[in-house]
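Working through the structure, step by step
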Amino acid sequence: MNNDILTKKLAILKNRKSAFIPAIEAIHDWLLQTSEALSKQNISPVDINLPIDKVVPEFLHGIPIGLFDLNWEVHCPHCHAITYEYHDLSQAASASYCEGCKVEFEADFAKWVNVTFSLNKEIDNREPILTCKLPDTTEVFIHIETSPAETKSAIMTFKADTYRYICPLTKSRGLLTVSGEETDELQVFSIEQLADNKFDITKLQARPGRIKINLTNSIDSPAGLVVFKDYLPQQPLPPRLSGLELIHYPEFHSLFGEQVLSSREQMQVAAVTTLFTDITGSTEMYERLGDIVAYNVVRDHFDILFSNIEQQGGTVIKTIGDAVMASFTNNRAALISVVNALEEFEKYNKQNVDRQVNIKTGIHRGQTILVNLNDRLDYFGSTINKAARIQAVASSGEICFSEQVYQDNNFIQTMKKIGIENVSRHSVNLKGIDGLQTIYKAVTKFNKNTLL
Ligand SMILES: [Zn+2]
């Protein structure tokens, strides 16, 4: 690792006006303390000892100055191994295949895509050693770790089943089939770790009973052997920075706004919260104030709304006339951004008696598709349509939301804390959606003050 360049680049990072020095120092400490063996590649921002939203902006600002590189990692839902890694969103693929589990899966952007940062090659040019971290719940039957030229053994009793053995470092793998009559004899197998990330034996057949495995490490770096059942259920990944979370950082947009999916790719997103807002009575306002003044009011309204959306970690996806579409990683943040904006509109309305602004709001959460629309990231699908339709049935000052949002306890608790108690349930027809839909309307205190 080149410490001189590292120190220089860290100084550049700290010199920024918006730099959050404690985060940069925490990252530096982490780099100094982490052992050389596991390399300072693929650093997960959750490992740094500070809230993740303080750390990620510093990592992102470190990329254009040549301090860090950005890695998008696709993880297998079953064994959590990295099945594909890319460095620009244009290389993202909607599906991936795990060689170990022999499964193809949707590379869901919220569930299976992780973001990590590496030291730039100019600072550390070693190839990353990406260890394969199995889900915590995986039952491990044998675990051996060896240094170069070392042989180590382990014994375990096995029942009839199919097992997999892998080296978490070299990713070498093989299959152990245990079947037939149980035996009292100790069954001994010797496996050698070869170069080119391979074991010399990739298929073992044994009977139920005691099995001894000898692992000989014939390469010049550490190697190991872990034995677990071949079938692994899907398990959520441990806490991390997901792809969906990263694209909600304003720094991602300001620094990497040009990083978008290729025009043909569509990424599944398990769940995203979508917010739609529209100004109340804008037609009347344009008539009363004239186009120029009314346009300025609309611009003021955008400024207030956008800053409140961003403050809560939301992203403005687009404007459609006077309407705004934004996305959030959670419902609570969408709610707070709306309530804060409504509060600001109330102040604005008091200061500008002839220029009253109020909005009607819709919030919905569900599965969606992330796409590239006109070289910007956008969402697509029935969740988005429904969110827009929910907004369309809201009245001035009302926050309308779906059953999915109502079921979110965090959202409801936040609503109570804010003091919104007037929530009513309605069965409505939403344009373009079959059947009656349940929606909820929350009336904010600002409702009564509007002149429009
Ligand atoms: Zn797998």
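Whatever comes next refers back to the structure up there.
Residues numbered from 1 in each chain as written. Predicted model: local features only at pLDDT ≥ 70, side-chain atom pairs only at ≥ 80, totals over all residues.

Some remarks on the overall build of the protein chain
Put simply, the rule reads: Runs of E in the DSSP output that reach at least two residues are strands. Runs of H or I that reach at least four are helices, and both are numbered from the N terminus. Burial in this document is a count-based property: other C-beta atoms within 10 Å of a residue's C-beta are tallied, and the residue is buried at 20 or more, exposed at 12 or fewer, or partly exposed in between, with C-beta positions derived from the backbone.
Per the secondary structure count, the protein chain includes 11 helices and 22 strands. Here the C-alpha coordinates of the protein chain stretch approximately 90 × 60 × 40 Å along the principal axes. The buried share of the protein chain, taken over its 452 residues, is 36%.

Observations regarding unusual backbone geometry
Residues other than glycine seldom take positive phi values, yet Ala149 does so here, at roughly 70 degrees. Looking at the secondary structure, you find Ala149 in the loop between strand S6 (140-146) and strand S7 (151-158). Phi is positive for Asn197, which is not a glycine, with a value near 55 degrees. Tracing the backbone through its elements, the reader meets Asn197 in the loop between strand S10 (187-194) and strand S11 (198-199).

A few points about the sheet that holds S11
Stated formally: The pairing criterion for strands is at least two bridges between them, as found by DSSP.
If you walk across this open sheet you meet the four strands as S7-S13-S10-S11, and the pairing is mixed. If you trace the sheet from one side to the other, it starts and ends with S7 and S11, each paired once. Here two bridges tie S10 to S11, and the two strands are oriented antiparallel to one another. Along S11, the bridge assignment pairs Gln193 with Phe199.

Focus: the sheet that holds strand S8 (residues 161-166)
Condition: Axis angles are defined between N-to-C directions and span 0 to 180 degrees, where every axis is a line fitted to C-alpha atoms and, for a helix, only to the segment in contact.
Pairing is mixed across the open sheet formed by five strands, whose spatial order is S6-S14-S8-S9-S12. Edge positions in the sheet fall to S6 and strand S12 (203-206), since each has one partner strand and no second. Each adjacent strand pair in this sheet contributes to an overall mean axis angle of 15 degrees, direction not counted. Inspection of the sheet shows S8 paired to strand S14 (residues 223-229) by four bridges, in the antiparallel sense. When the sheet's bridge partners are listed, Arg164 is paired in S14 with Phe228.

Overview of helix H7 (residues 291-311)
Let me state the cut-off plainly: By definition here, a helix of n residues has an expected span of 1.5 Å times n minus one. This arc is built from the directions going out from the helix axis to the C-beta atoms.
For H7, which comprises 21 residues, the first-to-last C-alpha distance of 30 Å matches the rise-based estimate of 30 Å (1.5 Å per residue) to within 8%. All of the buried residues in H7 are Ala294, Val297, His301, Ile304, Leu305, Asn308 and Ile309. Buried residues in H7, looked at end-on, bunch into an arc of 130 degrees, giving them a common side. Exposed and facing more than 90 degrees away from the buried side of H7 are Asp291, Ile292, Asn296, Arg299 and Asp303.

Some words on the packing of helix H1 (residues 3-14) against helix H2 (residues 21-33)
Keep this limit in mind: We call two directions roughly parallel when the angle between them is under 35 degrees, roughly antiparallel when it is over 145, roughly perpendicular when it lies between 65 and 115, and oblique otherwise. By the definition used in this description, the sense in which the near helix is turned from the far one sets the handedness, with an anticlockwise turn below a right angle giving left-handed and a clockwise turn giving right-handed. Contact definition: two residues whose C-beta atoms, as placed from backbone geometry, lie within 7 Å. Nonpolar residues are Ala, Val, Leu, Ile, Met, Phe, Trp, Tyr, Cys and Pro. Charged residues are Asp, Glu, Lys and Arg, and all others, Gly as well, are polar.
Interhelical geometry of H1 versus H2 gives an angle of 165 degrees and a closest axis separation of 10 Å. When the interaxial angle is binned, H1 and H2 end up roughly antiparallel. Considering how the two elements wind past one another, H1 and H2 form a crossing that is right-handed. Contact residues: H1 offers Leu10, Leu13 and Lys14, while H2 offers Ile21, Ile24 and His28. Within the contact of H1 with H2, the residues separate by chemical class into four nonpolar, one polar and one charged.

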